[in-house]
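Below, each chain spelled out in residue letters.
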Amino acid sequence: MRPEALRFHPLESIGRKEKRSMPGINGPSDYSREPPRHPCLRINAKEPFNAEPPRNALVSSYVTPTDLFYKRNHGPIPVVDDIKRYHVFIGGLIEKPGQLSMDDIRKLPKYNVTATLQCAGNRRTAMSKTRTVRGVGWDICALGNATWGGAKLSDVLELVGISKLTAVSSLGGKHVEFTSVDKCKEEKGGPYKASIPLSQATNPEADVLLAYEMNGEILNRDHGYPLRVVVPGVIGARSVKWLDRIDIIDEECQGFFMQKDYKMFPPSVNWDNIDWSTRKPQMDFPVQCAICSFEDVDVVPPGKITVSGYAVSGGGRGIERVDISVDGGKSWIEANRYQKCGVPYASDDINSDKWAWVLFKAVVDVPEKAEIIAKAVDSAANVQPEKVDDIWNLRGILNTAWHRVQVQRTPVANSNL
Ligand SMILES: Nc1nc2c(c(=O)[nH]1)N[C@H]1C(S)=C(S)[C@@H](COP(=O)(O)O)O[C@H]1N2
Ligand SMILES: [Mo]
């Protein structure tokens, strides 16, 4: 890194007031300035806009095209009125708070990391069929695999005097909080926030990015323009979009989405006896897979059929294998992985795909009526749970139960015999 190329503007030379009066980015309070969206998206909620691609479209490419990438929002999409005035502030438990412009961030070494982002609510609709859950309904496509381009958070934190692999800063900071500018009703009109441990933020191998590119193009408004956090291997909720400030804090972020949401409760907890303080905010994603070549109930042609889908795990654990059953789980065959051919924008770093999904395919023969099941195993030998009932939770998060689809063959045509 060339320190002379880095410009970190200490706050005293700018003044905190200036920040608030001209941030260059604003969170509107209504939905009159939403960006255009792809007509194929399946809309689960209009305002805030929450949508996912159709199943088949999702697995037709290893890198998910940006316009088909799921969109998960909690308020209207922020508007950048002047990119030159945009700065991200860095404060909290550091000796010299300051700010960085987009130009400053672009001068840091740039990394391309291919990482799958998955909403903790992915597959919630299926979980709600066992027992009602609260939250936006999602089918199985609230995830996508993108090549994110940007600066590493560990490099940015070095600019404020926090060296690599620091777990506790000199002023006692243990967490890094990200704050946006959007207006969320869960935060009573305040911005979306989340935090990650400082040890993860300062670890270059954790690949936490301040991303300004997605799939080789400037990040678009839906996905966080001009700058978002990408925390690979962790539920999507921690990858804060439209980043306004970064604060080093002593305990984890106290915002709604860390403390009153995105926590995993046992099936015995309901809305009458819930005590949010008993659980930690969910971070790593568990092992997951789903079949995308069919809808929940589908009619298939006679002969061999192709079963395809995605598999992904959290924490940088890769996918070891995907098992497919066409007899309701009595016997299994191993699926093949296909991916990567003609991947655009792939990272230079061969290890960077540890954060990315695997697309799988298996050719099977099915009886006239069948239930096709997929389950994945990750590199730590974690396996998806069989039944959704066992992992049911009132917020309907992390439905990673075996994925099942029902198929029925079209009757063999014999009318022109
Ligand atoms: N500022 C802000 N960041 C946010 C959110 C949000 O509503 N506001 N949603 C989070 C959630 S729950 C998810 S799953 C991901 C979705 O990112 P995407 O819309 O780019 O797919 O963004 C996260 N970051
Ligand atoms: Mo999410």
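Here, the structure is the one placed above.
For the structure given in this document, a descriptive report is provided here. (Residues numbered from 1 in each chain as written. Chains lettered and ligands numbered in written order. Predicted model: local features only at pLDDT ≥ 70, side-chain atom pairs only at ≥ 80, totals over all residues. Heavy atoms only, no water.)

Comments concerning the nonpolar core
- Grouped together as the largest cluster of nonpolar side chains are 52 residues, with contacts concentrated most on Leu153 and Val176.
- Beyond its immediate chain neighbours, meaning those up to four positions away, Leu153 contacts Val176, Phe178, Ile196, Ala201, Val208, Leu209, Leu210 and Ile246.
- Counting residues in hydrophobic clusters, the runner-up holds 23 residues, among them Val300, Ile319, Ala335 and Ala376. (Core = buried A, V, L, I, M, F, W, Y, C linked by side-chain atoms within 4.5 Å. Buried < 20%, exposed > 50% of the residue type's maximum accessible area, 1.4 Å probe, protein only. Contact = heavy atoms within 4.5 Å.)

Brief notes about the sheet that holds strand E25 (residues 403–409)
- The sheet built from five strands is open, its strands ordered E18-E25-E24-E20-E21 with mixed pairing. Whereas interior strands pair on both sides, the edge strands pair on one side only; in this sheet they are strand E18 (297–300) and strand E21 (333–334).
- As judged from the two bridges shared by strand E20 (residues 319–325) and E21, these two strands associate in the antiparallel manner. If you follow Asp323 over to E21, its bridge partner there is Glu334. (Pairing = 2+ DSSP bridges. Helix = DSSP H or I, 4+ residues; strand = E, 2+ residues; numbered from the N terminus.)

A short note on the site of ligand 1
- Taken together, 20 residues sit near ligand 1, with His74, Asp182, His223, Arg228 and Lys241 positioned nearest.
- At 2.7 Å from an oxygen atom of ligand 1 is found a side-chain nitrogen or oxygen belonging to Arg228.
- Across the complex, the protein chains shield 100% of the 540 Å² of accessible surface that ligand 1 would expose by itself.
- Structurally, ligand 1 is housed in the largest cavity.
- Among the residues forming the shell around ligand 1, the class breakdown is nine nonpolar, six polar and five charged. (Near = heavy atom within 4 Å. Polar contact = N/O pair within 3.5 Å; in protein donor to acceptor, adjacent residues only side chain to side chain. Areas by Shrake-Rupley, 256 points an atom, 1.4 Å probe, with all protein chains shown as cover. 1 Å grid on protein atoms, 1.4 Å probe; cavity = no way out; pocket = protein on both sides within 12 Å on 5 of 7 lines; lining within 4 Å. Sits in = over half its atoms within 2 Å of the grid points. Nonpolar A, V, L, I, M, F, W, Y, C, P; charged D, E, K, R; others polar.)

Quick notes on the state of the cysteines
- Scanning all chains against the criterion turns up zero disulfides.
- In this structure Cys141 is not part of a disulfide, and its nearest cysteine sulfur, from Cys292, lies 4.7 Å away.
- We classify Cys141 as buried; its relative accessible area is 0%.
- In this structure Cys184 is a free cysteine whose sulfur lies 12 Å from that of Cys253, the closest cysteine sulfur available. (Disulfide = S-S within 2.5 Å.)

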